[in-house]
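For reference, the chains in residue letters:
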Amino acid sequence: MRKIVINKSVEQFFLSHKAFVRLRELGQREALQEADLGTYWPLGVDLRDASLNRCGALIPRDDERLVRVVEELGEEANGHAAELKVVAIPDDVQWVIAKADGVEHVSEVHRTWA
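Keep in mind that this is a model prediction, so the values were computed, not measured. (Residues numbered from 1 in each chain as written. Predicted model: local features only at pLDDT ≥ 70, side-chain atom pairs only at ≥ 80, totals over all residues. Heavy atoms only, no water.)

A few words now on the pattern of salt bridges. This model, assessed by the stated rule, comprises 8 salt bridges. Arg22 is paired through a salt bridge with Glu25; the nearest N and O atoms lie 3.3 Å apart. Of this pair, Arg22 and Glu25 both sit in helix H1 (residues 17–25), separated by 3 residues, roughly a single helical turn. The closest approach of N and O atoms between Arg68 and Glu72, which form a salt bridge, is 3.0 Å. (Salt bridge = Lys/Arg side-chain N within 4 Å of Asp/Glu carboxyl O. Helix = DSSP H or I, 4+ residues; strand = E, 2+ residues; numbered from the N terminus.)

If you want it as structure tokens, here you go:
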């Protein structure tokens, strides 16, 4: 089974700063390329501040390290206004993340004409 991280909140997908730092420790490529705003104001801002908990938007949702961190940290992985969930799907499914009423879900890719 393949695991994918989705956001069950109507807000945008964000990781917490704690999850972001953990991904950097694990060597996750996109997390390493993203600026760590917490290093600029380590004493001046509470690490739970919303501005620091808007991380990881470019990390692939099926990244094994992302899935691992979300499973390890549980609710502590949620970024600003996020509600992250790991969903398991069969390995052979071509998938896409879609939204219904602002809430994400994983759908199988199919053909669409307009």
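With respect to the helices, strands and loops of the structure, Ser9 is situated in the loop between strand E1 (2–7) and H1. In terms of polar contacts, Ser9 uses its side chain to reach the backbone amide nitrogen of Glu11, at 3.2 Å. If sequence neighbours within four positions are ignored, Ser9 has contacts with Ala81, Ala82, Glu83, Gly102 and Val103. (Polar contact = N/O pair within 3.5 Å; in protein donor to acceptor, adjacent residues only side chain to side chain. Contact = heavy atoms within 4.5 Å.)

We now examine the packing of H1 against helix H3 (residues 64–73). Between H1 and H3, whose axes approach to 10 Å, the crossing angle comes to 135°. In terms of their interaxial angle, H1 and H3 are classed as oblique. Note that H1 runs across H3; the crossing there is right-handed. The residues of H3 that touch H1, namely those facing Lys18, Ala19, Arg22 and Leu23, are Arg65, Leu66, Arg68, Val69, Glu72 and Leu73. Within the contact of H1 with H3, the residues separate by chemical class into 5 nonpolar, no polar and 5 charged. (Axes fitted to C-alpha atoms, helices over the stretch in contact; angles between N-to-C directions. Parallel < 35°, antiparallel > 145°, perpendicular 65-115°, else oblique. Left-handed = near helix turned anticlockwise from the far one by under 90°. Nonpolar A, V, L, I, M, F, W, Y, C, P; charged D, E, K, R; others polar.)

As a further point, take unusual backbone geometry. A positive phi angle, near 60°, is found at Ala81, a position not held by glycine. Mapped onto the fold, Ala81 is located in the loop between H3 and strand E2 (84–89). Overall, the relative accessible area of 35% leaves Ala81 in the partly exposed class. Here Asp101, not a glycine, exhibits a phi torsion of approximately 55°, which is positive. (Buried < 20%, exposed > 50% of the residue type's maximum accessible area, 1.4 Å probe, protein only.)

Attention shifts here to H3. Listing the buried residues of H3 in full gives Leu66, Val67, Val69, Val70 and Leu73. Taken down its axis, H3 places every buried residue within 165° of arc, on the same side. Residues of H3 that are buried sit in contact with E1, H1 and E2. For H3, the side-chain oxygen to backbone nitrogen distance between the N-cap and Arg65 is 2.9 Å, and the N-cap itself is Asp63. Of the residues trailing H3, Gly74 is marked for its positive phi of about 60°. (Arc of directions from axis to C-beta.)

This part covers the pairing of strand E3 (residues 95–100). In this structure, E3 lies alongside strand E4 (residues 103–108), joined through 6 bridges in antiparallel fashion. Bridge pairing links Ala100 to Val103 in E4. (Pairing = 2+ DSSP bridges.)

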